[in-house]
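Residue-level structure breakdown
Residues per chain are reported as follows:
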Amino acid sequence: MHIEFDNAFLRELPGDPESGPRVREVLGAAWSRVEPTPVAAPRLLAASAEAAALLGLDAATISADPDFARVFAGNALLPGMQPWAANYGGHQFGSWAGQLGDGRAISLGEALGPDGGRWELQLKGAGKTPYSRFADGRAVLRSSIREFLCSEAMHHLGIPTTRALSLVGTGEQVVRDMFYDGHPRPEPGAVVCRMAPTFLRFGSWQLPASRGDTALLRGLADYVQRYHFPDLAGRGAEGDAEWFARVCERTAWMVAGWMRVGFVHGVMNTDNMSILGLTIDYGPYGWVEDYDPDWTPNTTDAQGRRYRFGTQPQVAYWNLLQLAQALAPLFDGVAPLEAGLARFGQAWERAYRDLVARKLGLARGSDDDLRLFADLQGLLQDGQVDMTLFFRALGQRDGADAEAGLAPFAGAFYDADAQARVEAPLRDWLARHAARQADDPLDAAQQREKMRLANPCYVLRNWLAQEAIDRAEQGDPGGVTELLEVMRHPYEEQPGRAHYAGARPEWARHRAGCSMLSCSS
Ligand code: AMP
Ligand code: MG
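Rules and cut-offs
- Residues numbered from 1 in each chain as written.
- Chains lettered and ligands numbered in written order.
- Predicted model: local features only at pLDDT ≥ 70, side-chain atom pairs only at ≥ 80, totals over all residues.
- Heavy atoms only, no water.
- Donors = N, O, S within 2.8 Å, 3.2 Å for Na, K, Ca; no water.
- Buried < 20%, exposed > 50% of the residue type's maximum accessible area, 1.4 Å probe, protein only.
- Salt bridge = Lys/Arg side-chain N within 4 Å of Asp/Glu carboxyl O.
- Helix = DSSP H or I, 4+ residues; strand = E, 2+ residues; numbered from the N terminus.
- Near = heavy atom within 4 Å.
- Polar contact = N/O pair within 3.5 Å; in protein donor to acceptor, adjacent residues only side chain to side chain.
- Areas by Shrake-Rupley, 256 points an atom, 1.4 Å probe, with all protein chains shown as cover.
- Nonpolar A, V, L, I, M, F, W, Y, C, P; charged D, E, K, R; others polar.
- Domains from an automatic or database assignment.
- Phe/Tyr/Trp six-rings, centres within 6.5 Å; stacked < 30°, edge-to-face > 60°.
- Lys NZ or Arg CZ within 6 Å of the ring centre and 35° of its normal.
- Disulfide = S-S within 2.5 Å.
- Contact = heavy atoms within 4.5 Å.
- Buried area = accessible area lost by both parts, 1.4 Å probe.
- Axes fitted to C-alpha atoms, helices over the stretch in contact; angles between N-to-C directions.
- Parallel < 35°, antiparallel > 145°, perpendicular 65-115°, else oblique.
- Left-handed = near helix turned anticlockwise from the far one by under 90°.
- Pairing = 2+ DSSP bridges.
- Core = buried A, V, L, I, M, F, W, Y, C linked by side-chain atoms within 4.5 Å.

A short note on the coordination of the magnesium ion (ligand 2)
Taken together, Asn272 (OD1) and Asp281 (OD) make up the full set of protein donors to the magnesium ion (ligand 2), lying 2.0 to 2.2 Å away. Grouping residues by exposure puts asparagine 272 and aspartate 281 together as buried.

A closer look at the pattern of salt bridges
One pass over the structure, following the stated rule, counts 46 salt bridges. For the salt bridge of arginine 211 with glutamate 25, the shortest nitrogen-to-oxygen distance reads 3.8 Å. With arginine 211 in the loop between helix 6 (202-210) and helix 7 (214-228) and glutamate 25 in the loop between helix 1 (8-12) and strand 2 (31-33), this residue pair connects regions lying 186 residues apart in the sequence. Exposure remark for arginine 211: the relative accessible area of 29% places this residue in the partly exposed category.

What to know about the site of ligand 1
Taken together, 16 residues lie around ligand 1, and Gly101, Gly103, Arg133, Gly137 and Asn272 are the ones closest in. Measuring from an oxygen atom of ligand 1, one finds a backbone N or O atom of glycine 103 at 2.7 Å. In this structure, arginine 138 approaches ligand 1 through a main-chain N or O atom, which is 3.2 Å from a nitrogen atom. Protein contacts shield 81% of the accessible area of ligand 1, which totals 480 Å² for the unbound molecule. A per-class count over the shell around ligand 1 returns two nonpolar, six polar and eight charged. Lining the shell around ligand 1 are residues from two domains, each supplying at least three of them: domain 1 (4-202) and domain 2 (234-357).

Quick notes on the packing of aromatic side chains
Considering all chains together, one arrives at 19 aromatic pairs under this definition. Plain terms: the ring middles of phenylalanine 68 and phenylalanine 72 are 4.6 Å apart, the flat faces sit at 45° to each other, and that makes the pair tilted. A single burial state applies to phenylalanine 68 and to phenylalanine 72, both of which are buried. In textbook terms, an aromatic cluster arises when at least three aromatic residues are bridged by ring pairs, as seen for Trp348, Tyr352, Phe373, Phe390, Phe391 and Phe409. For the cation-ring pair, arginine 146 lies above tyrosine 285, with the distance from its terminal atom to the ring centre recorded as 4.1 Å. For lysine 359, the ring lying beneath its charged end belongs to phenylalanine 391, and the centroid distance is 4.3 Å.

Describing the state of the cysteines
Tallying each qualifying case throughout the model produces zero disulfides. Of the cysteine sulfurs around cysteine 150, a residue in no disulfide, the closest is that of cysteine 514, at 14 Å. A residue is classified by how much of its surface remains accessible, and cysteine 150, at 0% relative accessible area, is buried.

What about the domain arrangement of the chain?
One can read the domain layout of the chain as domain 1 (4-202), domain 2 (234-357), domain 3 (364-452) and domain 4 (462-508). For domain 2 versus domain 3, the distance between C-alpha centres works out to 28 Å. At the junction of the two partners, domain 2 supplies 17 residues and domain 3 supplies 17 residues. The junction of domain 2 with domain 3 conceals about 1,400 Å² of combined surface from both sides, 59% of it contributed by carbon and sulfur atoms. Of all residues in domain 2, Tyr291, Arg353 and Val356 bury the most surface against domain 3, accounting for 47% of the area lost on that side. Counting every contact that joins domain 2 to domain 3 gives one salt bridge. Between arginine 353 and aspartate 367 there is a salt bridge, with the nearest N and O atoms lying 2.7 Å from each other. Here domain 2 is connected to domain 3 by five residue pairs in polar contact (both at pLDDT 80 or more). Secondary-structure elements contributing two or more residues to the side of domain 2 that touches domain 3 are helix 8 (236-261) and helix 10 (335-360). It is helix 10 that contributes the most residues to the side of domain 2 that touches domain 3, five residues altogether.

Structural notes on the packing of helix 11 (residues 367-382) against helix 13 (residues 416-438)
The description of two packed helices rests on the angle between their axes and on the distance between the axes. Between helix 11 and helix 13, the shortest axis-to-axis distance is 9 Å and the interhelical angle comes to 160°. Judged by the inter-axis angle, helix 11 sits roughly antiparallel to helix 13. Seen along the crossing, helix 11 lies across helix 13 with a hand that is left-handed. In this structure, helix 11 uses Asp369, Leu372, Asp375, Leu376, Leu379 and Asp382 to contact helix 13, whose residues at the interface are Ala418, Arg421, Val422, Pro425, Leu426, Trp429, Arg432, His433 and Arg436. Class assignment for the residues of the contact of helix 11 with helix 13 results in eight nonpolar, one polar and six charged.

What to know about the environment of alanine 357
Counting through the fold element by element, alanine 357 comes out in helix 10. Each C-alpha atom, one on alanine 357 and one on arginine 163, is 28 Å from the other, the two residues being 194 residues apart in sequence. Beyond its immediate sequence surroundings of up to four residues, alanine 357 is in contact with Leu362, Ala363, Arg364, Gly365 and Lys450.

Things to note about the pairing of strand 10 (residues 185-196)
Across the twelve residues of strand 10, nine count as buried, placing the element largely inside the fold. Where strand 8 (residues 118-124) and strand 10 come together, five bridges link them in antiparallel fashion. When the bridges of strand 10 are listed, glutamine 122 appears paired with arginine 194. As paired elements, strand 9 (residues 163-176) and strand 10 share ten bridges and run antiparallel to each other. Residue pairing for strand 10: glutamine 173 is matched across the bridge by proline 188.

Focus: the packing of helix 7 against helix 8
Relative orientation of the contacting elements helix 7 and helix 8 amounts to 70°, with a least axis distance of 11 Å. It follows from the interaxial angle that helix 7 and helix 8 lie roughly perpendicular. Residues Arg218, Ala221, Val224, Gln225 and His228 of helix 7 lie in contact with helix 8, whose contacting residues are Gly239, Asp240, Trp243 and Arg250. Class assignment for the residues of the contact of helix 7 with helix 8 results in three nonpolar, three polar and three charged.

Regarding the nonpolar core
A general tendency of soluble globular proteins is for nonpolar side chains to be buried together. Of all hydrophobic cores here, the largest spans 123 residues; its most connected members are Trp205, Trp243, Ile275, Trp287, Leu360 and Leu460. Ranked by the residues each element gives to this core, the list is headed by helix 8, at eleven residues. Not counting the four nearest positions on each side in its chain, isoleucine 275 is found in contact with Thr198, Leu200, Arg201, Phe202, Trp205, Val224, Phe229, Trp243, Val247 and Leu323. By size, the runner-up hydrophobic cluster in this structure holds 32 residues, among which are Val34, Ala51, Leu78 and Cys193.

Written out as structure tokens, the structure is:
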């Protein structure tokens, strides 16, 4: 196994003079050197062939090479790896939290892929770092499976995301109190190797800004522009303004992707917002089933519901405001930052019209179409209708066939009373939609294809992940591999895999890990 490394982040940005995991405040530095803590018995549980290919590795090498599990558990280093933990801060649930940093993630290096890609490889759950505060630096199997699978599922859905290379069991136990209610128990531990061009976050800039460290602020901007926005590097004030505007645009597109497929991130703190507009830090996320814009899967956020499904665009904008404030010392006046924030609004507007057009199978999303979509959202909520099943069936129905009525949607209802309430208005809505489609420049086949590619058949429903977790906790990782296989083609109907395209079963309604998740991971 050979991987080429070029650790520009370490080379170009100031580091902490002290190395090792002693917990400390780290000033004037973007990173600290710290080695992963070896684990008792690394065992490769799953790997993503597509992610491996980005590094020039093939699936056969991975499964045949005993070094692979050791390296990606943190028990051995390849030549060129120089492990570090990154320093950053963030707003958590609306409050400034000061220095946070990688408390359990350790980056191994920046790999150069055969296609010219730069991939920071990062182990999550690799042991203590200077940023671990009171915690153990480890991750449990259940949350590692969820991060591994969802990273790849999002990629295949076409939504910008960090990637996952591997899932390795540690052979060690980790103690967690899943609902912070005084019932800690030992659980199996795991390490995920995730990949992104860079894992820098909004909080990476917020921390030096909060300390008045403009030199580090500048250095981080220079690094990210040079390696990740190369067309903007060295263009001075104009390049800086365009960089911030692009971060705003990418963030808008990312959130529009989430809204299209019903993804709720769950913890949109500014330390969990990628500077590249990638979905990052999969924790207590969830997928909307019975349609509800007020839903959040995160019990830690159940009170304020700050990060509920429907407010994700507003939260993203609030987070960008915090980033703008942090970047202010790099700019001469606020106009360029305001212009960047305005680009969020413009990008969101375009992305949302595109979302509506795609989900409804129309050429463009006009103002009328936005109203049509909003009316549908009201009905789906009132009728407690499964979002994924409804839109998939909508795309397969023949608009001319009014006789079929609601039959194609039969499996999408969870509650008979709620269903009865919306049946008549939903029929009216379907007639409006059919009339609108009949009037559209796209022909019926084009409309169906557009909807097929926007409305997935398979999403990583919490209970599907939980089934794979239950099996893996019994020692059988086969469910993870199967689920990954299904999620590789979310828009294709896969024969024999109806289970994965089904509505939430009754058992999952109140099961921990399905309807309730916490930050404990
Ligand atoms: P998160 O909510 O997962 O984004 O984590 C917020 C902060 O807590 C980050 O600085 C994490 O590195 C840190 N953290 C979370 N879990 C652990 C853990 N088990 N050990 C050390 N640090 C952790
Ligand atoms: Mg985080």
